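Read off the chains here:
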Amino acid sequence: MVRKPSDYQSDVWIDWCPGCGDFGIVAALYRALAELDLQPEKTVIVSGIGCSGKTPHFVKVNGVHTLHGRAIPFATGIKLANPELTVIINGGDGDLLGIGAGHFVALGRRNIDITIILHNNTVYGLTKGQASPTLKRGLRPKALPKPNIQDAVNPIGLALASGYTFVARGYSMMTDHLKELLKKAIQHKGSALVDVLQPCVTYDNIHTVEYYKKRVYKLEEIGWNPIVEKIDEREEKLLRAWTKSLEHDDKIPIGVFYEDPHTPSFEDRIRDRLPSYLERPPARQIIDKEGRTIIDNEIFEKIFSTHIVETE
Ligand code: SF4
């Protein structure tokens, strides 16, 4: 069956402000899901709190709208319980890089096969435009009484430093380009970040559509090769990507900054320790009427045979 983008649209009315960059993100996501022909029953979108947190309501796949900053631990549990699922997180910069920053780092260290779509708009839109972790020091969007006195987090740099093996940036108003990035991120086996520049038309009068139009350019246009072809290139490619991520004033690059297909995913690391993990992950274990796991002796022996030490 070939699915269309409209097959992923739910019936829930989208209540984002007219003109919000979030519309571009969800449009690109519908198209990416359709072009990858992902089965809705095997796809999960997890979100935290914020304008972006509403995304699971608007996409007709499995969805969980969780607590502020906790989308990553929820998604981690879902993916590890059932590695067959495609798990995507839609979260804002305030949610994932403020209260959820510790989880953001932990996901990269584990290289779990999860895609993060970061709705990066430099403000807390849902709570009326306060400074978020990606707002640069000295800037004053209209809801701030004084200029911001904190330094900004660089999402690309933080992802690279944490161990994400696919790191990209898109722009919500260039949906064709963003759709291609989302497809690559979802297909990548490991932790993937797509940092999406997303104008908040209601509260951010600095990072507007006109602002980005003058600055954004595609990495592909300068012949950028993000892929770690051989393991011994990893450090050099990481350093280049990190240096490129610092370019964020007059010119703002979008595209894939870094892609490492060599580092094993967390699921593979667990399988190496427990060979039956992928065959019988927690979601496939049999439970009795009281909700207790029924021990399958064959699997049990497979799991523990590697840990049994023969003694005389
Ligand atoms: Fe979009 Fe900003 Fe409105 Fe939230 S407050 S829906 S981010 S324009």
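Residues numbered from 1 in each chain as written. Predicted model: local features only at pLDDT ≥ 70, side-chain atom pairs only at ≥ 80, totals over all residues. Heavy atoms only, no water.

**Q** An account of the site of the ligand is needed here, citing residue identities and associated values.
**A** The local shell around the ligand consists of Trp-16, Cys-17, Cys-20, Cys-51, Asn-121, Gly-125, Gln-198, Cys-200, Val-201, Thr-202 and Tyr-203. Here the residues of the shell around the ligand are counted per class, giving seven nonpolar, four polar and no charged. (Near = heavy atom within 4 Å. Nonpolar A, V, L, I, M, F, W, Y, C, P; charged D, E, K, R; others polar.)

**Q** Explain unusual backbone geometry to me, and be specific about the residues and the numbers.
**A** In this structure, Asn-111 takes a positive phi of about 55° despite not being glycine. Note on placement: Asn-111 falls in the loop between helix H5 (101-110) and strand E4 (114-120). Taking the relative accessible area as the measure of exposure, Asn-111 reaches 0% and is therefore buried. With a phi angle near 85°, Lys-128 is a residue other than glycine that sits in the positive phi range. Examined against the element boundaries, Lys-128 turns out to sit in the loop between strand E5 (123-124) and strand E6 (130-131). Here Lys-128 falls in the exposed class, since its relative accessible area comes to 55%. (Helix = DSSP H or I, 4+ residues; strand = E, 2+ residues; numbered from the N terminus. Buried < 20%, exposed > 50% of the residue type's maximum accessible area, 1.4 Å probe, protein only.)

**Q** Please provide a residue-by-residue account of helix H6 (residues 155-162), values included.
**A** Each α-helix turn comprises 3.6 residues. Residues three or four places apart therefore point the same way. Where burial is concerned, most of H6 is hidden: six out of the eight residues are buried. Turning to H6, its buried residues number three or more, namely Pro-155, Ile-156, Gly-157, Ala-159, Leu-160 and Ser-162. Capping the start of H6 is the job of one residue whose side-chain oxygen sits 3.1 Å from the backbone nitrogen of Ile-156: Asn-154. Looking one or two places after H6, you find Gly-163, whose phi comes out positive at around 110°. (Polar contact = N/O pair within 3.5 Å; in protein donor to acceptor, adjacent residues only side chain to side chain.)

**Q** Explain helix H1 (residues 22-35) residue by residue, including any values.
**A** In a regular helix each residue adds 1.5 Å, so 14 residues correspond to 20 Å; H1 covers 20 Å between its end C-alpha atoms and thus fits that length. Listing the buried residues of H1 in full gives Asp-22, Gly-24, Ile-25, Val-26, Ala-28, Leu-29, Tyr-30, Ala-32, Leu-33 and Ala-34. On its buried face, H1 is in contact with strand E1 (43-47), helix H2 (55-58), strand E3 (86-92), E4, helix H7 (175-187) and strand E8 (192-197). Positioned one or two residues after H1, Asp-37 has a phi angle of 50°, which is positive. (Expected span 1.5 Å × (residues − 1). Contact = heavy atoms within 4.5 Å.)

**Q** Which residues make up the environment of Asp-260, and what values do they have?
**A** With respect to the helices and strands, Asp-260 occurs in the loop between strand E10 (252-259) and helix H10 (266-273). Apart from residues lying up to four places away in sequence, Asp-260 is in contact with Thr-165, His-188, Val-228 and Arg-234. Here the side chain of Asp-260 touches Arg-234 through a polar contact of 3.3 Å, side chain to side chain.

**Q** Explain the domain arrangement of the protein to me, and be specific about the residues and the numbers.
**A** When the domains of the protein are assigned, the result is domain 1 (5-266) and domain 2 (275-312). For domain 1 versus domain 2, the separation of C-alpha centres amounts to 37 Å. Across the boundary between the two partners, domain 1 contributes six residues, which contact six residues of domain 2. When domain 1 packs against domain 2, the two sides together hide about 420 Å² of surface, and 52% of this comes from carbon and sulfur. The interface formed by domain 1 and domain 2 contains one salt bridge. As a salt-bridge pair, Arg-284 and Glu-84 come within 2.5 Å of each other at their nearest N and O atoms. (Domains from an automatic or database assignment. Buried area = accessible area lost by both parts, 1.4 Å probe. Salt bridge = Lys/Arg side-chain N within 4 Å of Asp/Glu carboxyl O.)

**Q** Now, about the packing of H1 against H7: what can you tell me, with residues and values included?
**A** It is the contact of H1 with H7, at a shortest axis distance of 8 Å, that shows an interaxial angle of 50°. One finds that H1 runs oblique with respect to H7. For the crossing formed where H1 meets H7, the hand is right-handed. In this structure, H1 contributes Gly-24, Ile-25, Ala-28, Leu-29, Arg-31, Ala-32, Leu-33 and Glu-35 to the contact, and H7 contributes Thr-175, Asp-176, Leu-178, Lys-179, Glu-180, Leu-182, Lys-183 and Ile-186. Per-class residue counts for the contact of H1 with H7 are eight nonpolar, two polar and six charged. (Axes fitted to C-alpha atoms, helices over the stretch in contact; angles between N-to-C directions. Parallel < 35°, antiparallel > 145°, perpendicular 65-115°, else oblique. Left-handed = near helix turned anticlockwise from the far one by under 90°.)

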